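The residues making up each chain are set out below.
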Amino acid sequence: MAANRLAMPAGRTPNPLESPSSSTRQAASAADWNWKARFEAYNRLQAAAADLGEKLPIPEIVAVGGQSDGKSSLLEALLGFRFNLREVEMGTRRPLVLQMVHDPTAHDPRCRFKEEDSEEYGSPLVVATEIADVIKQRTQSHLQKIQAAVSSEPIFMRAEYAHCPNLTVIDTPGLVLKPMKGEPDTTPEEILSMVKSIASPPHRLLLFLQQSSVEWRSSLWLDTIREIDPSFRHTIIIVSKFDNRLKEVSERWEIDSYLSASGYLGDNIHPFFVALPNDRGTTTDEGFRSRICQVDIDVLRHLQEKVKGGFSEEKYAPYIGFSCLRKHLESEIQKRYKEAVPATLALLEERCIGVSEDLSRLESKLQATSDVSQLRRSATLHVASICRHLHHLLVGAADLDPELWGLTTEEEQKHSGIVRWPGITIALEPANFSLKLYGGAAFERVIHEFHCAAYSMKCPPLSREKVANIPVARAEKGRCSGLTMVAADIARAAARSFLAPLIDTACDRLAFILQSLFELAMECSRNHDSRYNQNAEDMDGYVGFLAAVRRSYYKFVEDLSKQCKQTVRHHLDSVTSPYYHFPGVTFLDLSDSGSVLELPGDSIGGKKKGNGNMIDGGAKKKHATMPAYANTNSNHHSNDIPGADDLVSKSGSSYSSICSIYAQYFAKMREVLIERSVPCELNSGFLTPCHERLFLALGFELFAVKDDKFMNMFVAPGAVDAIQNERESLLKHQKTFVSCLNEFKNISSTL
């Protein structure tokens, strides 16, 4: 009576007139109702999850075994009707997810297939034999489409019938040792990998089928099952075609030894021994089910009457026959459904919260499409955040992982498309060239690489032809050395020709460094918002706006690069101008060591030229302090000036002197540019504007526009419709999950 009272609903007083059998029936009926309610709830949740593309850990059964071990026959027995599943060899190609729904009103089976690449189920099939045809057709067309022998893409079939239990069974491809004729050699490994993947999740119950003709010690796939479930906690072992084994035993000790399998499975593991009708003559579903029951009776009768001494019925009878297996499966699934209710409830609550948050985000977006002022504020704050992080990265920061976001010099060259410096043939190794850098550190490395490139450039060779093409009058005019004028002109042209491409390349490399910082700044901004739970200015969904910000920033950097090139080119033109004065250096003393040049003994203006810049006469000494390229009187000619064709050919020493002076002029101009002008201008030309006017420049281009143009960045054609569609989908998710959540709350209250 105490047990009966405990089984009754809370708050109800036992009726003394009720008999124990009546109370027991009521308790059993209540338990049965609870089980059906749980199954229906899980069934609806599973269907909803499939419709919504969700993957929930709902208890399921996975059938695993070798090919021809009887999985297809077992499925037909569970369904309660035949549809020639064995004839399509489905198990060797694609998994079949079979959702069985016990419906007392379905006197004829109603079977529907989920459409390929869709969440919708098609119309019910009227003729059972059509099921095999659909499976075969879908298998062949899918495999032909993907050009494969097997596929892990399942076929979904829903069967509602008064004679099937509430179960979800996944029939997997049969395990094989060798591929079929015409199949790839890797097919067995692909099937094995697929089966392990399907059977491994802990919420799935594993049914392992093995023919009775196979000895336990010779099992081909038992070790595979141990890999999936080492302790067999989630595994039910089924010995199929048990009637074939009965023909080989005659003694009790033989059958008891086989039924125990304790030496191979352990004392606590009890396999089920099942035999099913192997004749295909039965035409009606009722006749098929009757034959299943009759086979169970025949097997027990054989064990009792045909085996000498019978068998240990108390120990093994609960594990012999299909009816025992079906009862155990339903009981095991009931238990798993019951145990999974709390976790399912928590998961549904989590999903509901997540969907609600996504809906709130979409609602904010929809509201923003009509609230321009709020959208302007959010967009401005987002751009300000990006600019702030850009400034931080340029100053020097280690917020991001250099291994993930940094680049070596070689990687940087490859990504920028600028692999070499113009005119440089040797490999350069600037400081930290092998380290992954970004931001300000990468910027400084490019500056140093430019420095290395400029100084690794040898003075361009000077041919006699180039010297000979300088007018003779320019070579011998004035009070200054005509040879120095020639050398200076050639050096200025060489400096402009060879240094200008290096400067342009440096600007392009630095522009690439700055442009690549945009992604890093975006990542820093996202990390910062996530770290401090700041989601109010989330702009990730506005692709058009983010593209506009990126485009504006890239344009800003490109403009800086153009301006910087012009500025540095201006310095190059200044240093290579005939009017530029090198501080502390005279036209005859241009070597780095300060040594005096030995010029040829040509007469200039009728006077013998001395060493260095010491020239006789007061007036001449004044000219000595002027640059070597000082203007001379074009009307003055000396009777000692050789002809134009004799300048180089008749005086080897003149050519050598010009080459020497030319090299020193080139070196001095390079030194002034590289040490004083260019690095300073590159830093001020790129970094200073980024620090001082980046936000102003981006803000002016993005926000200093009319509202309709501003909104084009956010509300592109079809954008509102896309948000509305996403919102409708989320509302469907929310409605479904809330319904399932309430249902599982009611179920949990009855546990």
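Structural notes, computed from the coordinates. Here the structure is a predicted model, which means the values were calculated and not measured.

### Observations concerning the nonpolar core
- With 89 residues, the main nonpolar core has Leu 502, Leu 514, Phe 545, Tyr 553, Leu 682, Phe 686 and Phe 710 as its most contacted residues.
- If you list the elements that add at least two residues to this core, you get α13 (372-395), α16 (440-456), α19 (482-531), α20 (543-575), α22 (652-692), α23 (694-703) and α24 (707-711).
- When near neighbours in sequence (up to four residues on either side) are disregarded, Phe 686 contacts Phe 443, Cys 507, Leu 510, Ala 511, Leu 514, Val 557, Leu 560, Ser 561 and Cys 564.

### Description of the pairing of strand β7 (residues 235-240)
- β7 sits mainly inside the fold: six of its six residues count as buried.
- Side chains Thr 235, Ile 237 and Val 239 project from β7 onto one buried face, and the interleaved Ile 236, Ile 238 and Ser 240 project onto a second face that is buried too.
- Two elements, strand β6 (residues 204-211) and β7, share six bridges in a ladder whose sense is parallel. Across the sheet, the residue bridging to Leu 207 is Ile 236, located in β7.
- Crossover β6 to β7 through helix α6 (residues 222-228) is right-handed.

### Points about unusual backbone geometry
- Here the phi dihedral of Ser 68 falls at roughly 70°; this positive angle occurs in a residue that is not glycine.
- Residue position: Ser 68 is located in the loop between β1 (60-65) and α3 (71-79).
- Judged by relative accessible area, which is 53%, Ser 68 ranks as exposed.

### So, the sheet that holds strand β4 (residues 155-161)
- Overall, mixed pairing links the eight strands, which are arranged β3-β4-β2-β5-β1-β6-β7-β8 in an open sheet. Each of the sheet's edge strands pairs with one partner strand only, and the pair in question is β3 (110-113) and β8 (272-273).
- Two elements, β7 and β8, share two bridges in a ladder whose sense is parallel. Among the inter-strand pairings, Val 239 is bridged to a residue of β8, identified as Phe 273.

### Observations regarding α16
- Its 17 residues place the ends of α16 24 Å apart at the C-alpha level, agreeing with the 24 Å of an ideal helix rising 1.5 Å per residue.
- Buried within α16 are the following residues: Gly 440, Ala 442, Phe 443, Arg 445, Val 446, Ile 447, Glu 449, Phe 450, Ala 453 and Ala 454.

Parameters and conventions
Residues numbered from 1 in each chain as written. Predicted model: local features only at pLDDT ≥ 70, side-chain atom pairs only at ≥ 80, totals over all residues. Heavy atoms only, no water. Core = buried A, V, L, I, M, F, W, Y, C linked by side-chain atoms within 4.5 Å. Buried < 20%, exposed > 50% of the residue type's maximum accessible area, 1.4 Å probe, protein only. Helix = DSSP H or I, 4+ residues; strand = E, 2+ residues; numbered from the N terminus. Contact = heavy atoms within 4.5 Å. Pairing = 2+ DSSP bridges. Right-handed = clockwise from strand over helix to strand, strands pointing away. Expected span 1.5 Å × (residues − 1).

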